[in-house]
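# Residue-level structural notes
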Amino acid sequence: MSESLHAHYKKAAFFTRALQNKFGDHSISILEIGCSNGENLAFKIAAENKSVTGVDIHLPSIQYAENKKNKNCRFICKNIFELSIEVKYDAVILSDILEHIEYPSRLLEKSLELLKDDGLLLICIPNGFGLYEIENFILKKLYIPQIIAKIKPPKISIELPYNHDSGHIQFFTEKYIKNLLKNAGFRILSQQNGGFLGGFLTDYLARKLRLVEPLLRLVDYLPSHAASTWYFICSKK
């Protein structure tokens, strides 16, 4: 799996550095909420000898992740609000999950309960009014994906399990997510731009033209509103 404008490898590297800077080589417990099939983040962080627990409600994704038999990972198919708060974690990860749920503030409050007092909350969240959302909105209105699929049907491949029924229902501004974090009891320690563009068309062209890495480096120097996703490192207040 190669890097795309969605920047999953960049995100994993950013989170891994944050964990290393905070905890060094000490053994720590990491909880990823909404881990999906584990490919986007859990397995990448586990490759750095970190212990990761992934939780998701989508059974096929969890079954796939479990079948990978990664010694540094364990996966639980469960609603996060049913998870006991008796066990606390050194780090809680919310990677591209808050935009999929009805009450993001409740999930942030639950994350606070699951986090140790000196722990880190690591977040990746889409810019709800950024270039990615604008591009996808225009392309869908023009039926471009359907037209391309008819002209050039996609190659048959084994698709990874993924909860396609869970689309974006929240569209965050930078100010809104910062207020949510503050009200939930978190302090933002660091913020960085993540993905850039990344809709159906621009991601395809960037891959073909081998521009993914240059564009992901470029977005680090652009204003935050130009990024398609943001990364946040947070602590308890």
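First things first, this report covers the structure right here in the doc. (Residues numbered from 1 in each chain as written. Predicted model: local features only at pLDDT ≥ 70, side-chain atom pairs only at ≥ 80, totals over all residues. Heavy atoms only, no water.)

### Observations concerning the overall build of the protein
Rule in force here: Under the scheme used here, helices are H or I runs from DSSP no shorter than 4 residues and strands are E runs no shorter than 2 residues, and both carry numbers assigned from the N terminus. Atoms considered for the radius of gyration are the C-alpha atoms alone. The globule rule reads 2.2 Å times the number of residues to the power 0.38. A 1.4 Å probe rolled over the protein chains alone gives each residue an accessible area, and that area as a share of the maximum for its type sets the label: buried under 20%, exposed over 50%, partly exposed in between. Between two residues, a contact is recorded if the distance between any of their heavy atoms is within 4.5 Å. Accessible areas in this description were obtained via Shrake-Rupley with a 1.4 Å probe; residue shielding takes into account the shown protein chains only.
Helices and strands together make up the secondary structure of the protein, namely 9 helices and 7 strands. Against the 2.2 N^0.38 benchmark of 18 Å for 237 residues, the protein shows a C-alpha radius of gyration of 18 Å, consistent with a compact globule. A principal-axis box enclosing the C-alpha atoms of the protein has dimensions of 55 × 40 × 35 Å. The proportion of buried residues among the 237 residues of the protein is 48%. Across the protein, the fraction of contacts at a sequence separation of at least 24, relative to all contacts at a separation of at least 6, is 79%. Carbon and sulfur atoms provide 56% of the accessible area of the protein, an area that totals close to 13,100 Å².

### Here we look at the pattern of salt bridges
What counts, and what does not: Every case where a carboxyl oxygen of Asp or Glu lies within 4 Å of a side-chain nitrogen of Lys or Arg is listed as a salt bridge.
Scanning all chains against the criterion turns up 7 salt bridges. Its salt-bridge partner being Asp-203, residue Arg-207 comes within 3.0 Å of it at the nearest N-O pair. Pair noted here: Arg-207 and Asp-203 are both in helix α8 (residues 200-208), with a separation of 4 residues, about one helical turn. What makes Arg-207 partly exposed here is its relative accessible area of 41%. The exposure class assigned to Asp-203 is buried, which follows from its relative accessible area of 9%.

### Things to note about the nonpolar core
We apply this condition: We call a set of buried residues a nonpolar core when its members are Ala, Val, Leu, Ile, Met, Phe, Trp, Tyr or Cys and they connect through side-chain atoms within 4.5 Å of each other.
Formed by 63 residues in total, the largest nonpolar core has its most connected members in Leu-108 and Leu-121. Here Leu-108 is in contact with Leu-94, Leu-98, Leu-121, Ile-123, Leu-180, Leu-181, Ala-184 and Phe-186, once residues within four sequence places are set aside.

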